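Commentary on secondary and tertiary structure
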Amino acid sequence: MIEARHLRVLRAVATTGSFSAAGRELGCTQPAVSQQMKALETSVGTPLLVRNGREMRLTQAGEALVRHASGILAGLTAAEEEVAAIAGLRAGRVRLVSFPSGSSTLVPTALAALRAAHPGTRVSLEEAEPPKSVELLRAGDCDIALAFRYEGAADAEEWDDLVVRPLLTDRLVGLVPERHRLAGAESVALGELADEPWIAGCPRCRGQLVQACESAGFTPRIDFATDDYPAVVGLVGAGLGVAVLPRLAVESVRPRGVRAVVLEPAVRREIVALTLPDLAQVPAVAATLDQLGRAARRA
């Protein structure tokens, strides 16, 4: 295998015409230059220099290797500079996947702070709900996945193979039309809404709604289901039913014609940022995780 340090020595010898002069240029001794040239010739399996007394010339193989050496060494230098820029957060990219209510609340604050601190770091954003977002992370299609799971959920996803950065605990709230009989209540037991028509959210939230209602002793009559949080709020505001949404989801829209009520018993979801163990060591990924944590503390 050809080593970069040997190519540097060969190029210096070819340029200066002697081991001694090459040593002075490289800041090493003449014997060290000789040893590295012998190592290079052993590595390639053919002579690179013809020595005749105090003079030397390149063989055909030596000329070919010198011709390629400049491009190889220039490429290595460029690579070293690029890696140094990434390590120093002067460059780099992060592929982030987030669920919609996280995209509209936590992500903007985090990315604005990241850009202010490290303007050379670029972040792309794609939206996906868990478990799809976690699948993208495991498949190598993103670097960070913003995800959630409900406390006590029967189908809680396991993240033991991932680095888990806890962000916040998001409590679900009930949404009722502003003229609803429970609109002014300080808190509402889920069972008090047993006879209401329901508007359900994303598939995972829908499953959690059914599980929570069944724990309260009833099965919800779901009249409408939509992944779009503003649509959920709009349907409730139009008096077409009631809903349960995470607090972050409510904050991500402008709720008109609805009232948010505290649900008892509390239903919560854990919001986390996930990445792979090796990616957690990448400076741009680590910086993004830190900013997501700071955004969550302000939420």
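These numbers come from a predicted model, not from an experiment. (Residues numbered from 1 in each chain as written. Predicted model: local features only at pLDDT ≥ 70, side-chain atom pairs only at ≥ 80, totals over all residues. Heavy atoms only, no water.)

**Here's the deal with unusual backbone geometry**
What counts is decided by this rule: Here a strand is any run of E in DSSP of at least two residues, a helix any run of H or I of at least four, and the numbering for each starts at the N terminus. Throughout this description, buried means an accessible area under 20% of the type-specific maximum (1.4 Å probe, protein chains only), exposed means over 50%, and partly exposed covers the range between.
P131 follows P130 through a cis peptide bond whose omega is 10 degrees. Relative to the helices and strands, P131 resides in the loop between β4 (122-127) and α6 (132-138). Following E264, the chain continues to P265 via a peptide bond in cis, the omega torsion being -5 degrees. Summarising the element assignment, P265 is placed in the loop between β11 (258-264) and β12 (268-275). Of note in this structure, L89 is not a glycine but carries a positive phi near 60 degrees. Relative to the helices and strands, L89 is located in the loop between α4 (60-87) and β3 (93-98). Residue class for L89 comes out buried when judged on its relative accessible area of 14%.

**What to know about the packing of aromatic side chains**
Worth spelling out the cut-off: In this analysis, rings of Phe, Tyr and Trp, with Trp reduced to its six-membered ring, are considered paired at centre separations within 6.5 Å, and the interplanar angle assigns stacked below 30 degrees, edge-to-face beyond 60, and tilted for intermediate values. In this scheme, the term charge over a ring applies when either NZ of a lysine or CZ of an arginine sits within 6 Å of the ring centre and within 35 degrees of the ring normal.
Inspection of the entire model under this criterion finds three aromatic pairs. Measuring from centroid to centroid gives 5.0 Å for F99 and F148, while their planes differ by 80 degrees, and the two rings are edge-to-face. Taken as a pair, F99 in the loop between β3 and α5 (100-117) and F148 in strand β5 (residues 144-150) lie far apart in primary sequence, 49 residues in all. Like F99, the residue F148 is buried in the burial classification. Through a chain of ring-to-ring contacts, three or more aromatic side chains come together here, namely F99, F148 and Y150. Looking at R204, its charged tip hangs above the ring of F148, at a distance of 5.9 Å from the centre.

**Looking at the pattern of salt bridges**
Defined as follows: In the sections that follow, a salt bridge refers to a side-chain nitrogen of Lys or Arg positioned within 4 Å of a carboxyl oxygen of Asp or Glu.
Considering all chains together, one arrives at 15 salt bridges under this definition. Here R181 ties to E196 by a salt bridge, and the two come within 3.3 Å at their closest N and O atoms. One end of the pair, R181, is in the loop between β6 (163-177) and β7 (187-189); the other, E196, is in the loop between β7 and β8 (197-200), and 15 residues separate them in sequence. On the accessibility criterion, E196 (15% relative accessible area) is buried. The partner of R206 in a salt bridge is D227, and the shortest N-O contact between them spans 3.6 Å.

**Section: the state of the cysteines**
Formally, a disulfide is one covalent bond, and it connects the sulfur atom of one cysteine to the sulfur atom of another. Selection rule: When the sulfur atoms of two cysteines come within 2.5 Å, that pair is taken as a disulfide.
Under the criterion given, the structure shown has zero disulfides. Looking at C213, it has no disulfide partner, and the nearest cysteine sulfur is the one in C205, 13 Å off. Judged by relative accessible area, which is 0%, C213 ranks as buried.

**Points about the side chain of D143**
Stated precisely, the cut-off is as follows: Contacts described as polar in this section are N or O atom pairs within 3.5 Å, which, within protein, must combine one atom able to donate a hydrogen with one able to accept it, while residues neighboring in sequence count only if both atoms come from side chains. Whether two residues touch is decided by their heavy atoms; if any such pair falls within 4.5 Å, the residues are in contact.
Tracing the backbone shows D143 in the loop between α6 and β5. A residue is classified by how much of its surface remains accessible, and D143, at 7% relative accessible area, is buried. Reaching out from D143, the side chain makes a polar contact with the backbone nitrogen of R95 at a distance of 2.7 Å. Not counting the four nearest positions on each side in its chain, D143 is found in contact with R93, V94, R95, L137, L274, T275, L279 and V285.

**What to know about the packing of helix α1 (residues 4-16) against helix α2 (residues 19-26)**
Going by this rule: Fitting a line to C-alpha atoms yields each axis, with helices limited to the stretch in contact; the angle taken between N-to-C directions then spans 0 to 180 degrees. Throughout, the term roughly parallel applies to angles under 35 degrees, roughly antiparallel to angles over 145, roughly perpendicular to angles from 65 to 115, and oblique to all others. With the far helix as reference, a near helix turned anticlockwise by less than a right angle produces a left-handed crossing, and one turned clockwise produces a right-handed crossing.
Relative orientation of the contacting elements α1 and α2 amounts to 120 degrees, with a least axis distance of 8 Å. The pairing of α1 with α2 is recorded here as oblique in orientation. Two packed elements cross with a definite hand, and for α1 against α2 that hand is right-handed. Contacts between α1 and α2 involve R8, V9, A12, V13 and T16 from the former and F19, A21, A22, E25 and L26 from the latter.

**Some remarks on the pairing of β12**
Worth spelling out the cut-off: The pairing criterion is simple: DSSP has to find at least two bridges between the two strands.
With six of eight residues buried, β12 is to be regarded as a mostly interior element. Bridge count between β5 and β12: six bridges; the pairing is antiparallel. The residue bridging A145 from the neighbouring strand is L274, located in β12.

**What to know about the packing of α1 against helix α3 (residues 30-44)**
Heads up, the condition is: Polar here means any residue outside two lists: the nonpolar Ala, Val, Leu, Ile, Met, Phe, Trp, Tyr, Cys and Pro, and the charged Asp, Glu, Lys and Arg; Gly therefore counts as polar.
Interaxial distance between α1 and α3 falls to 9 Å at its minimum, and their mutual angle equals 115 degrees. Considered as vectors, α1 and α3 are oriented roughly perpendicular to each other. Read as a crossing pair, α1 and α3 show a hand that is left-handed. Two secondary-structure elements touch here, α1 through R5, H6, V9, L10 and V13 and α3 through V33, Q36, M37, A39 and L40. Classifying every residue of the contact of α1 with α3 by side-chain character gives seven nonpolar, two polar and one charged.

**A closer look at the environment of V173**
Turning to its location among the elements, V173 is positioned in strand β6. Since its relative accessible area comes to 16%, V173 is described here as buried. A C-alpha to C-alpha distance of 9.8 Å links V173 and L248, two positions 75 residues apart in sequence. In this view, V173 contacts A243, V244, L245, V250, A260, V261 and L263; residues no more than four positions away in its chain are not counted.

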